[in-house]
Amino acid sequence: MRPNTFTISRLAAAADVHVETVRYYQRRRLLRQPERPIGGVRRYDENDVNRLQFIRRAQMMGFSLDEIAGLLQITGERSCEQTRQLTERKLADVRLRIRELRQLERDLEQKVARCAQVPAGEYCPTLDFLERPRKPAATGS
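Just so it is clear, the structure is predicted and the values come from calculations on it, not from any experiment. (Residues numbered from 1 in each chain as written. Predicted model: local features only at pLDDT ≥ 70, side-chain atom pairs only at ≥ 80, totals over all residues. Heavy atoms only, no water.)

Draft legend 1. Looking closely at the overall build of the protein. Looking only at helices and strands, one finds six helices and two strands in the protein. Radius of gyration (C-alpha) of the protein: 25 Å, far over the 14 Å computed for a compact globule of 141 residues. If one aligns the C-alpha atoms of the protein with their principal axes, the spans along those axes are about 75 × 40 × 25 Å. Looking at the 141 residues of the protein, the share that counts as buried comes to 21%. In the protein, 44% of the contacts between residues at least 6 apart in sequence involve partners at least 24 apart. When the accessible surface of the protein is totalled, it reaches about 11200 Å², and 52% of it is carbon and sulfur. In the protein, 27 positive and 19 negative side-chain charges are present, and the distance between their average locations comes to 4 Å. (Helix = DSSP H or I, 4+ residues; strand = E, 2+ residues; numbered from the N terminus. Rg over C-alpha atoms; globule rule 2.2 N^0.38 Å. Buried < 20%, exposed > 50% of the residue type's maximum accessible area, 1.4 Å probe, protein only. Contact = heavy atoms within 4.5 Å. Areas by Shrake-Rupley, 256 points an atom, 1.4 Å probe, with all protein chains shown as cover. Lys, Arg positive; Asp, Glu negative; His and termini not counted. Charge placed at Lys NZ, Arg CZ, Asp CG, Glu CD.)

If you want it as structure tokens, here you go:
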């Protein structure tokens, strides 16, 4: 084995991902697939480890694989501006999800409180809510 090269299994281990994850990223064209020498094994290098780690860190920040593909293509003088715009959109998405989760938390707290007040043997208000068909939203026409 040449110095600083990896088989796919060693590449996956170095980046702390599964081999199938490496293959999936290759199918998604997030990671290159090196040529296989005749009778040999594909070899990866430190750049491939770095690329996998970049993808993992971006995922930890909440970026989707499609967004990560976009980040990987950003280069040049305006790279920081383009990255900032993508990151601002991600931040707005996160803030929206936080608002939605806070509302869900309030709704669940109300359901728990209502269930705690129901005498034994009575029908559960949470189950009643879940079983009730939703009314269609009113239209303003």
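Picking up after the structure, the text goes on.
Draft legend 2. Examining the pattern of salt bridges more closely. Under the criterion given, the structure shown has eight salt bridges. A salt bridge links D48 to R32; its shortest N-O distance comes to 2.8 Å. In this pair, D48 sits in helix α3 (residues 46–60) while R32 sits in the loop between α2 (19–27) and β2 (44–45), placing the two residues 16 residues apart along the sequence. Of the residues examined, D48 reaches a relative accessible area of 3% and is grouped as buried. Note on R32: relative accessible area 40%, which makes it partly exposed. For E67, the salt bridge is made with K90, and the minimal N-O distance between the two is 3.0 Å. (Salt bridge = Lys/Arg side-chain N within 4 Å of Asp/Glu carboxyl O.)

Draft legend 3. Seen up close, the nonpolar core. Core analysis: the biggest nonpolar cluster contains 21 residues, and L11, V22, Y25 and L52 have the highest contact counts within it. For this core, the secondary-structure elements that each account for two or more residues are α1 (8–15), α2, α3 and α4 (65–73). Once you skip the residues sitting within four places of it in the chain, Y25 turns out to touch L30, L31, L52, I55, Q59 and L65. (Core = buried A, V, L, I, M, F, W, Y, C linked by side-chain atoms within 4.5 Å.)

Draft legend 4. Up close: the packing of α3 against α4. At their nearest, the axes of α3 and α4 sit 10 Å apart, and the two run at 130° to each other. With respect to their mutual orientation, α3 and α4 come out oblique. For α3 against α4, the interelement crossing comes out right-handed. Of the residues in α4, those in contact with R51, F54, I55, A58 and Q59 of α3 are L65, I68, L71 and L72. Partitioned by chemical class, the residues of the contact of α3 with α4 number seven nonpolar, one polar and one charged. (Axes fitted to C-alpha atoms, helices over the stretch in contact; angles between N-to-C directions. Parallel < 35°, antiparallel > 145°, perpendicular 65-115°, else oblique. Left-handed = near helix turned anticlockwise from the far one by under 90°. Nonpolar A, V, L, I, M, F, W, Y, C, P; charged D, E, K, R; others polar.)

Draft legend 5. Inspection of the side chain of Q26 at higher detail. Counting through the fold element by element, Q26 comes out in helix α2. Of the residues examined, Q26 reaches a relative accessible area of 10% and is grouped as buried. There is a polar contact of 2.8 Å between the side chain of Q26 and the side chain of Y44. (Polar contact = N/O pair within 3.5 Å; in protein donor to acceptor, adjacent residues only side chain to side chain.)

Draft legend 6. Here's a closer look at unusual backbone geometry. Although it is not a glycine, D16 adopts a positive phi angle of roughly 60°. Structurally, D16 is set in the loop between α1 and α2. Its identity as a non-glycine residue notwithstanding, R29 has a phi of 65°, on the positive side. Along the polypeptide, R29 turns up in the loop between α2 and β2.

Draft legend 7. View of the packing of α1 against α2. Where α1 meets α2, the closest approach of the two axes is 8 Å, and the angle between their N-to-C directions is 100°. As far as their axial angle goes, α2 and α1 are roughly perpendicular. On α2, the residues that touch I8, S9, L11 and A12 of α1 are V19, V22, R23 and Q26. Class assignment for the residues of the contact of α1 with α2 results in five nonpolar, two polar and one charged.

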